[in-house]
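Structural overview
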Amino acid sequence: MKNTIDALALKKAFIAGANNLDNKKDYINELNVFPVPDGDTGTNMTMTIMSAKREVESCKETMSDIAKAMSTGSLRGARGNSGVILSQLLRGFSKKIGDKTEIGVIEIADAFQKAVETAYKAVMKPKEGTILTVARGIATKARECAGTDITLEEFCETIIKHGDEVLASTPELLPVLKEAGVVDSGGQGLMEVLKGAVDCILGRVVIADTKPSGAGVSGVDNSKYSEDLSADIKFGYCTEFIINLEKPYGIKEEDDLKQFLESIGDSIVCVSDDEIVKIHVHTNHPGQAFEKGLTLGYLSNMKVDNMRLEHHEKVIKQAEREEAARQEAARQAEKEKQQPKKQYGFIAVSMGDGLKEFFTELGVDYVIEGGQTMNPSTEDMLNAIEKVHAENIFIFPNNKNVVLAANQAAGLCEDKNIIVLATANAPQGISAMIAFDSTMTLEDNKNNMLEAVSNVKSGQVTYAVRDTSIDGKAIHEGDIMGIGDKGLVSVGNDISDVTFDLIKDAVDEDSELISIYYGTDVKKEDAEAFAARVEESFPDCDVQNYYGGQPIYYYIVSVE
């Protein structure tokens, strides 16, 4: 085999790597330390790389175009911390190959090194035993290989073997992995991408040629209409007529007529009374249907419609309506841009109609649906930023796994000042929003909001999806878990008891307010009874009970 990779080979290798990650995402999800039923590492990494895959599949087959597609597609589609880190790895890798026509061992090693440098810079406090450790180990081994006479095939095999060894060592670097008996899920995801790519490079997996797609002259992507425009309408003419009977017409004649119509079409309706037979059939030969009818009598009410033409016109009209709507939206956006920007705007990430309403009432301009069960992408963040017409925009990610995507969006935004407050959950975001004062300066507001966030102790209650052990506590599938700011607090079989223990752990002599947000799987009367229990147990605290409407998590609680 060749010792270099050209643009087409890189394109196919990247697609193969993305496909392999997609195939293994459920397995990767199961490696997460906390066995919670939400959007996990495998899902986030897959959605990130699939966004890049779509860009790569449709781009021109030049190294620069493929590199750009890998970078921008993954950056905008990045979800969760693992997805953002993967996008940064791809971004760094792409920077080193964009000006090449072919890449060999030396170029790949340089690209790996740049990938690691870029990813480490994106993470405020890099933690060893994660995807970053695996990526760095691979880059180090690649650099060692680049100084030898190794072939591309030997290089690929060496990199995969060493990457697996580094991945296997992650439990020794991160005790929580060792206790749970798993390797790092992000590192596993990275290895699946590399293994898929290497299998393609070495001919073990074949990716069909992909053709670049283009946009229509209007600038609107018409590819989504192509399937409809060429839809497989097997029988193109809707044919209707009435046979005015002149010959005997009994069961035998009726069966014969139906069998004939079935032989030339479908969607057949054949009803009769003493004097007439009404026919409806989709066929490519209306004349044959008429001729068969003439053997039984004379015809009337004859009607033939070309369904292919009607379908074509329908699709064209739909495309025109969508284009008109797009242009109107663009006009409205442009009109809004002409208006003076307000000084402050707010974006919050939240899941659940109750929590969404809460944020809206507090003055949040745009609530992104997502959080625990689906981490929003960088693209989602950018779309939200575009919709908020303000000079300074605060973003409340309300989830530790959303912060990096918010930061990435902030870095890509050029015309607005984006301030990401690293809120870990909805209660922290709510407290930050309550602390905002429009009469104060931006810096003072930021400091006050951060202080408000720091005063919130919070927790979430959900169920385990597999057996594991965390912080010395044995967990079995189906157990109820109370997860606090610093990890697992309580485990049991009763939702109320576990939630109560979670609150009890957070309350101290300085606590004044306990807020309870119950989810879709908790009945209102049960939530009210639980709130009464908490109120009775902590008489010195003000207890507030709200409908959050969040899925998966029975309760979200906070103590201030």
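This text follows the structure it describes.
Every chain is numbered independently, its residues counted from 1 as its sequence is written. This being a predicted model, a pLDDT of at least 70 is required before a residue's local features are given, and a value of 80 or more before pairs of side-chain atoms are given or counted; all residues contribute to the totals for chains, interfaces and linings. Only hydrogens and water are set aside when side-chain values are computed; all heavy atoms of the structure are taken into account.

**Some points on the overall build of the protein**
The cut-off we apply is this: Each helix is a run of H or I in the DSSP string that is no shorter than four residues. Each strand is a run of E no shorter than two, and both are numbered from the N terminus. Each radius of gyration reported is based on C-alpha atoms, and the globular scaling rule is 2.2 Å times the count of residues to the power 0.38. For the exposure calls, accessible area comes from a 1.4 Å probe over protein chains only, and a residue counts as buried if that area is under 20% of its type's maximum, exposed if over 50%, partly exposed in between. In what follows, residue pairs with any heavy atoms lying within 4.5 Å of each other are defined as contacts. Per-residue and other accessible areas follow the Shrake-Rupley method at a 1.4 Å probe size, with only the shown protein chains counted as cover for residues. The charge count treats Lys and Arg as positive and Asp and Glu as negative. His and the chain ends do not count. To locate a charge, the coordinates of NZ of Lys, CZ of Arg, CG of Asp or CD of Glu are taken.
When its secondary structure is counted, the protein shows 20 helices and 18 strands. Over its C-alpha atoms the protein spans a radius of gyration of 31 Å, topping by over 25% the 24 Å that the globule rule assigns to 560 residues. Its C-alpha atoms give the protein principal-axis dimensions of about 100 × 75 × 55 Å. A buried classification covers 50% of the 560 residues belonging to the protein. The contacts in the protein between residues at least 6 apart in sequence include a share of 71% that link residues at least 24 apart. Accessible surface, the protein as shown: approximately 27,200 Å² in total, 49% of it carbon and sulfur. In the protein, 58 positive and 91 negative side-chain charges are present, and the distance between their average locations comes to 6 Å.

**Here we look at the nonpolar core**
Basically, it comes down to this: Only buried Ala, Val, Leu, Ile, Met, Phe, Trp, Tyr and Cys residues count toward a nonpolar core, and they belong to the same one when joined by side-chain atoms within 4.5 Å.
If you look at the biggest cluster of nonpolar residues, it comprises 101 residues, and the most contacted ones within it are Phe 112, Phe 155, Leu 190, Phe 346, Phe 394 and Phe 396. When residues of this core are assigned to their parent elements, the largest contribution, nine residues, is made by helix H5 (residues 105-122). Beyond its immediate stretch of four places on either side in the chain, Phe 394 contacts Tyr 344, Gly 345, Phe 346, Ile 347, Ile 419, Leu 421, Phe 436, Leu 442, Lys 446 and Met 449. Of all hydrophobic cores here, the second largest spans 23 residues; its members include Val 498, Phe 500, Tyr 555 and Val 559.

**Considering helix H7 (residues 152-173)**
Owing to its 3.6 residues per turn, the α-helix brings residues three or four apart onto one side. Which entries qualify depends on this criterion: Expected span of a helix, by definition, is 1.5 Å for each gap between consecutive residues, and there is one gap fewer than residues.
A rise of 1.5 Å per residue sets the reference length of H7, with its 22 residues, at 32 Å; its end C-alpha atoms lie 31 Å apart and thus fit the reference within 8%. Buried within H7 we find Leu 152, Phe 155, Cys 156, Ile 159, Ile 160, Gly 163, Val 166, Leu 167, Thr 170 and Pro 171. Buried residues in H7 make contact with strand E1 (5-6), H5, helix H6 (131-146), helix H8 (175-180) and helix H9 (185-201).

**Some points on the packing of aromatic side chains**
What counts is decided by this rule: Think of it this way: a Phe, Tyr or Trp ring, Trp meaning its six-membered ring, pairs with another when their centres are within 6.5 Å, and the plane angle makes it stacked under 30 degrees, edge-to-face over 60, tilted otherwise. Any Lys NZ or Arg CZ found within 6 Å of a ring centre and within 35 degrees of that ring's normal is scored as a charge over the ring.
Considering all chains together, one arrives at 15 aromatic pairs under this definition. Ring geometry for Tyr 344 versus Phe 436: centroids 5.1 Å apart, planes at 75 degrees, classification edge-to-face. Highlighted residues: Tyr 344 in strand E7 (residues 342-350) and Phe 436 in the loop between helix H17 (426-435) and helix H18 (442-454), separated in sequence by 92 residues. Relative accessible area serves as the criterion here: at 7%, Tyr 344 is assigned to the buried category. What makes Phe 436 buried here is its relative accessible area of 18%. Site record: aromatic cluster; members linked through ring pairs are Tyr 344, Phe 346, Phe 394, Phe 396 and Phe 436. Residue placement shows Lys 292 over the ring face of Phe 260; its charged tip is 5.5 Å from the ring centre. Over the ring of Phe 500 we find Arg 533; its NZ or CZ atom is 4.4 Å from the centre of that ring.

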